[in-house]
Amino acid sequence: MKEAYDYLFNKCAFNENDYLVVGVSGGPDSMALLHLLIKLREKININIICAHVNHGIRKESAKEKIFVENYC
């Protein structure tokens, strides 16, 4: 996670007050990205918009939707 955070902080061109739209399904990959962006927000004033994506492929999709809503 630290390497991913460092990459986001040092290599991505985020500016103060930028808006980032993040597609979040509720799975581990997208939740990790959302978590890292929230941590990054502590250093750079960015606005995060979470767009839930329910692929509806797995039976866990409905539970993940609720999880993402509660997390946000």
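No experiment lies behind these values; they were computed from the predicted model shown.

Student: What am I meant to see in the pattern of salt bridges here?
Tutor: A pair can form between side chains of opposite charge whenever their charged atoms are brought close. What the rule picks out here adds up to four salt bridges. Across the pair Lys39 and Glu42 runs a salt bridge, and its minimum N-O distance is 3.8 Å. For Lys39, a relative accessible area of 36% translates into the label partly exposed. We note a salt bridge from Glu64 to Arg58, for which the minimum N-O separation is 2.9 Å. Given a relative accessible area of 14%, Glu64 falls into the buried group.

Student: What am I meant to see in the nonpolar core here?
Tutor: Here is a general trend for soluble globular proteins: nonpolar side chains tend to be buried in one another's company. Core analysis: the biggest nonpolar cluster contains 13 residues, and Leu8, Val24, Met31, Leu37, Leu40 and Ile46 have the highest contact counts within it. Counting residues per element, the ones that place at least two in this core are α1 (2–11), β1 (19–24) and α2 (28–41). The element contributing the most residues to this core is α2, with five residues. Residues contacting Leu40, with those up to four places away along its chain left out, are Tyr5, Leu8, Phe9, Phe14 and Ile46.

Analysis parameters
- Residues numbered from 1 in each chain as written.
- Predicted model: local features only at pLDDT ≥ 70, side-chain atom pairs only at ≥ 80, totals over all residues.
- Heavy atoms only, no water.
- Salt bridge = Lys/Arg side-chain N within 4 Å of Asp/Glu carboxyl O.
- Buried < 20%, exposed > 50% of the residue type's maximum accessible area, 1.4 Å probe, protein only.
- Core = buried A, V, L, I, M, F, W, Y, C linked by side-chain atoms within 4.5 Å.
- Helix = DSSP H or I, 4+ residues; strand = E, 2+ residues; numbered from the N terminus.
- Contact = heavy atoms within 4.5 Å.

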